[in-house]
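Each chain, written out:
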Amino acid sequence: MLEVINLTSARGERTLFRNVSFKLDASGLLHVAGTNGSGKTSLLRILCGLGAADAGEVRWRGEPIHSVREAYWREGVYLGHANALKDDLSAIENLLMACTLAGRPASDGDAREALHAFGLAACSHLPVRALSQGQKRRSALARLALSTQARLWILDEPFSALDVAAVAHLEKLIVAYLDGGGSVIFTTHQDAAISARITQRIDLDKASVAAC
Amino acid sequence: MSSATPQTASGGINWFKYSSPQTFFPLAGTLAPWFAAIAAVLFVAGLYIGFFVAPTDAQQGESYRIIFIHVPAAWMSMLIYLAMAFWAGMGLAFNTRLSGMMATALAPTGALFTFIALWTGALWGKPTWGTWWVWDARLTSELLLLFLYFGFMALQAAMDDPRRADKAGAVLALVGVINIPIIYFSVKWWNTLHQGASVSLKSAPTMAATMFTGMIVMVFACWAYAIAAALWRVRCIILERERRSEWVADYLETQK
Amino acid sequence: MLNVMRAVIARDLTLAWRRRSDVFTSMIFFVIVASLFPLGIGPEPKLLLAIGPGIVWVAALLASMLALSRLFASDYADGTLEQMLLAATPLSVIVIAKVIAHWIAANLPLVLIAPLLGLQFGLPADALAVLALALALGTPSLSLIGAIGAALTLGLRGGGVLLALLVLPLYAPVLILGSLAVEATAAGLTAQPYLLLLAALSLGALSLAPWAVSAALRISYE
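Quick look at the structure, then. (Residues numbered from 1 in each chain as written. Chains lettered and ligands numbered in written order. Predicted model: local features only at pLDDT ≥ 70, side-chain atom pairs only at ≥ 80, totals over all residues. Heavy atoms only, no water.)

### With respect to the overall build of chain C
Inference 1: A count of helical and extended segments in chain C gives nine helices and zero strands.
Inference 2: Here the C-alpha atoms of chain C give a radius of gyration of 18 Å, agreeing with the 17 Å that 2.2 N^0.38 yields for 222 residues.
Inference 3: Taking all 222 residues of chain C together, the buried fraction comes to 59%.
Inference 4: Across chain C, every contact between residues at least 6 apart in sequence was considered, and the portion connecting residues at least 24 apart equals 81%.
Inference 5: Taking the 10 positively charged and 9 negatively charged side chains of chain C as two groups, their mean positions are separated by 7 Å. (Helix = DSSP H or I, 4+ residues; strand = E, 2+ residues; numbered from the N terminus. Rg over C-alpha atoms; globule rule 2.2 N^0.38 Å. Buried < 20%, exposed > 50% of the residue type's maximum accessible area, 1.4 Å probe, protein only. Contact = heavy atoms within 4.5 Å. Lys, Arg positive; Asp, Glu negative; His and termini not counted. Charge placed at Lys NZ, Arg CZ, Asp CG, Glu CD.)

The following block contains the structure:
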């Protein structure tokens, strides 16, 4: 479904990675590895269409993503470093807005349930400003529970700042999503139990693609 | 300005051959001195006609002679903005790096001509109207045009990434080009409505043939100068942006 | 598409309401700037009547411009703008919604308070009404053109001053037409042509600016 051909990216003088190519099919789980500054985030941003590559192409269902645009974004979810939460809105308001923008409007009940499942029952109506880092991250991740119809999740460090219970819940979500035919691309520093499901790994330090 | 384009320079044989910085660089280097020479010759000829051949104006005496600089500069200031927007638009549409560099290279020359037009307008205003500055429609539009040039250059200067600078500058130049006629007409209207006895730059009712010749020669001199300056500047920009590439290293080696 | 527009407008208005001190700040700025001019010029009623329309318009221009930095900056900082760029709705639609919300929160208060400032300059009643109407018709193009500048300067150092440099020259036609409309009324002439031209400028900006803003936003992220 997602096809990446000879992607090259540079930041100023420095080449981050060169000629990265891979294909990701349904139920594929791709782990992007590399040290800090190796270009993991740049790669993910290019994959979702936010960043521009210096060379190469990203295709979704055979079409370059820059020509299908909204059709691609309707099927994809990108969670970046930033939580994309407004401090002055509550977790539930943020979640509903994110779903509307993604073209998958959710009901109040669904949103509340998704937040509850992440252990945010007590604070789903507080302004996000009042939440801790971990709670903010969980509010952002709760979007995934409402994005199971999407075909591709691109997750930048989804496990950072999470406690054990939240990590377990997120892994459960990802596994269920993969079983449903979705594809996931993610980066992480932690050793996650999800490793067993990884189908491909890219190491940007070595610029190698390996099937697992 | 279009005669500075790689297309016409290549004689229409291969339109895209010179669109890469590497092939355009030596071409610009060859052409720039020629245009500079033409500019020098035409400036001397134009100024000679302007100062010694053209007759003294019946109403304004000798002071009118500043039009030989003022009018060509004012024309160039607008034309260069159009050329800049054209190149910026090309860069945005076809993603060619050289187009963005051309736009960046043209901006300072355009701003310079705008400034000259304003300054000579003020110098001309003092003996003619008795004041350095009048809110004449053309002077006011010219002033706003200068601000547009400043905005373009300041925006590009604030960006570290040349790719972003090119594209953002292109959007701004295109927005500006749509606005220039609106600005011009609103200023003109504002001017006619506010001033009962409006002073106008159209002060020479009939222009002697030699005056006209002198002015046309000066216009071409300004064209040649603008092309030469833009080509030299684009060479510097190319060297700076491509400094990591092998051909620049080779070139710098031969320059030692 | 309309759902998304409505949701974005509601979101931005909610945010503006929860941060309403910002709105008051730009209103107070507007009032202070317009009130400083008589202090610098002197209380001569005839003179104030002559320059009043222009001063109120310039003050509105500056207040509207200062509010522009709020349009995208916080969405850029917390990552929500990223999600708008990746939305299933075309970005230009979201941009229109954001500009509408911004206009309501930042410019509508100026429109409503402007007649009060006009009183300070001794403008007659019909001129006050035209002042408010001209601002209502002209400020949308200020927001739309300003949004291009705000998108272009996103995340740049010294963005605020740069934004002023980019945007203020482009505001000139609106300022000219808006002041002329009020002056014409004060002089007993019809303001209709100016008001129509202001509306035309706003419609023109509405048809072109959203695309320029979308392009500028994507460029800022690349």
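Now that the structure has been shown, the text picks up again.
### Regarding the interface of chain B and chain C
Inference 1: Listed per partner, the contact involves 28 residues of chain B and 26 residues of chain C.
Inference 2: For the pair chain B and chain C, the summed buried area comes to about 2,400 Å², and 77% of that belongs to carbon and sulfur atoms.
Inference 3: Seen at the junction of chain B and chain C, the total is two salt bridges.
Inference 4: As a salt-bridge pair, Glu-222 of chain C and Lys-167 of chain B come within 2.8 Å of each other at their nearest N and O atoms.
Inference 5: Grouping the constituent residues of the side of chain B that touches chain C by class yields 20 nonpolar, five polar and three charged. (Buried area = accessible area lost by both parts, 1.4 Å probe. Salt bridge = Lys/Arg side-chain N within 4 Å of Asp/Glu carboxyl O. Nonpolar A, V, L, I, M, F, W, Y, C, P; charged D, E, K, R; others polar.)

### Side note on the pairing of strand S7 (residues 152–155) of chain A
All names here are of chain A.
Inference 1: Going residue by residue along S7, you find Leu-152 and Ile-154 tucked away on one face and Trp-153 and Leu-155 tucked away on the opposite face as well.
Inference 2: Two elements, strand S6 (residues 76–79) and S7, share four bridges in a ladder whose sense is parallel. Each bridged residue has a counterpart across the sheet, and for Leu-79 the counterpart in S7 is Leu-155.
Inference 3: In the sheet, S7 pairs with strand S8 (residues 183–187) via four bridges, with the strands oriented parallel. (Pairing = 2+ DSSP bridges.)

### Examining the interface of chain C and chain A
For interface size, the figure often reported is the accessible area lost on association.
Inference 1: Across the boundary between the two partners, chain C contributes 27 residues, which contact 26 residues of chain A.
Inference 2: Between chain C and chain A lies a buried interface of about 2,400 Å² when both sides are counted; carbon and sulfur atoms form 59% of it.
Inference 3: Looking at the side of chain C facing chain A, the largest losses of area belong to Gln-83, Leu-86 and Ala-88 of chain C, adding up to 27% of the total buried there.
Inference 4: Viewed at the interface, chain A and chain C are joined by five salt bridges.
Inference 5: Here Lys-86 of chain A makes a salt bridge to Asp-75 of chain C, at a shortest N to O gap of 2.5 Å.
Inference 6: Between chain C and chain A we count 12 residue pairs in polar contact (both at pLDDT 80 or more) in total.
Inference 7: Taken together, the elements giving at least two residues each to the side of chain C that touches chain A come down to helix H1 (2–18), helix H4 (69–78), helix H5 (80–85), helix H6 (91–120) and helix H9 (192–221) of chain C.
Inference 8: Ranked by residues supplied to the side of chain C that touches chain A, first place goes to H1 of chain C with seven residues.
Inference 9: In the side of chain C that touches chain A, the residues fall into 13 nonpolar, six polar and eight charged. (Polar contact = N/O pair within 3.5 Å; in protein donor to acceptor, adjacent residues only side chain to side chain.)

### A short note on the packing of H4 of chain C against H6 of chain C
Any two packed helices are characterised by how steeply their axes cross, that is the angle between the axes, and by the distance between the axes.
Residue and element names in this part refer to chain C.
Inference 1: Where H4 contacts H6, the two axes come as close as 10 Å, and the packing angle between them is 125°. The angle between H4 and H6 falls in the class oblique. The segment H4 lies against H6, with Arg-70, Leu-71, Phe-72 and Asp-75 engaging Lys-98, His-102 and Ala-106.
Inference 2: Residue composition of the contact of H4 with H6, grouped by class: three nonpolar, one polar and three charged. (Axes fitted to C-alpha atoms, helices over the stretch in contact; angles between N-to-C directions. Parallel < 35°, antiparallel > 145°, perpendicular 65-115°, else oblique.)

### A word on the pattern of salt bridges
All names here are of chain A.
Inference 1: Per the stated rule, a full pass over the model turns up 19 salt bridges over all chains.
Inference 2: Between Asp-88 and Arg-129 there is a salt bridge, and its shortest N-O distance comes to 2.7 Å. Taken together, the positions of Asp-88 in the loop between S6 and helix H4 (91–101) and Arg-129 in the loop between helix H5 (108–117) and helix H6 (133–145) put the pair 41 residues apart, joining distant regions of the chain.
Inference 3: According to the relative accessible area criterion, Arg-129 is partly exposed, its value standing at 47%.

### Section: the pairing of strand S2 (residues 14–24) of chain A
Residues and elements named next belong to chain A.
Inference 1: Pairing analysis gives seven bridges linking strand S1 (residues 2–11) to S2, with the strands arranged antiparallel. What sits directly across from Ala-10, in S2, is Thr-15.
Inference 2: Taken together, S1 and the strand that follows it, S2, pair antiparallel across an intervening segment of two residues, in which Gly-12 is found at a positive phi of about 60°.

### Overview of the environment of Ala-114 of chain A
Inference 1: In this structure, Ala-114 of chain A sits in helix H5.
Inference 2: If sequence neighbours within four positions are ignored, Ala-114 of chain A has contacts with Leu-95, Ala-142, Ala-145 and Leu-146 of chain A.

### Here's the deal with the sheet that holds S1 of chain A
All names here are of chain A.
Inference 1: Strand order in this open sheet of four strands is S2-S1-S4-S5, and the pairing throughout is antiparallel. The sheet is open, and its two borders are formed by S2 and strand S5 (63–64), each paired with just one other strand.
Inference 2: Where strand S4 (residues 55–60) and S5 come together, two bridges link them in antiparallel fashion. When the sheet's bridge partners are listed, Arg-59 is paired in S5 with Pro-64.
Inference 3: Of the strands in this sheet, S1, S2 and S4 are in contact with helix H1 (residues 40–48), which crosses S1 at around 130°.

### Looking at unusual backbone geometry
Inference 1: The residue Asn-6 of chain A is not glycine, and still its phi comes out positive at about 50°.
Inference 2: In this structure, Asn-6 of chain A sits in strand S1.
Inference 3: Since its relative accessible area comes to 39%, Asn-6 of chain A is described here as partly exposed.
Inference 4: Even without being glycine, Asn-95 of chain B reaches a positive phi, approximately 60°.
Inference 5: Along the chain, Asn-95 of chain B turns up in the loop between helix H3 (67–94) and helix H4 (97–129).

In short, geometric facts, not functional conclusions.
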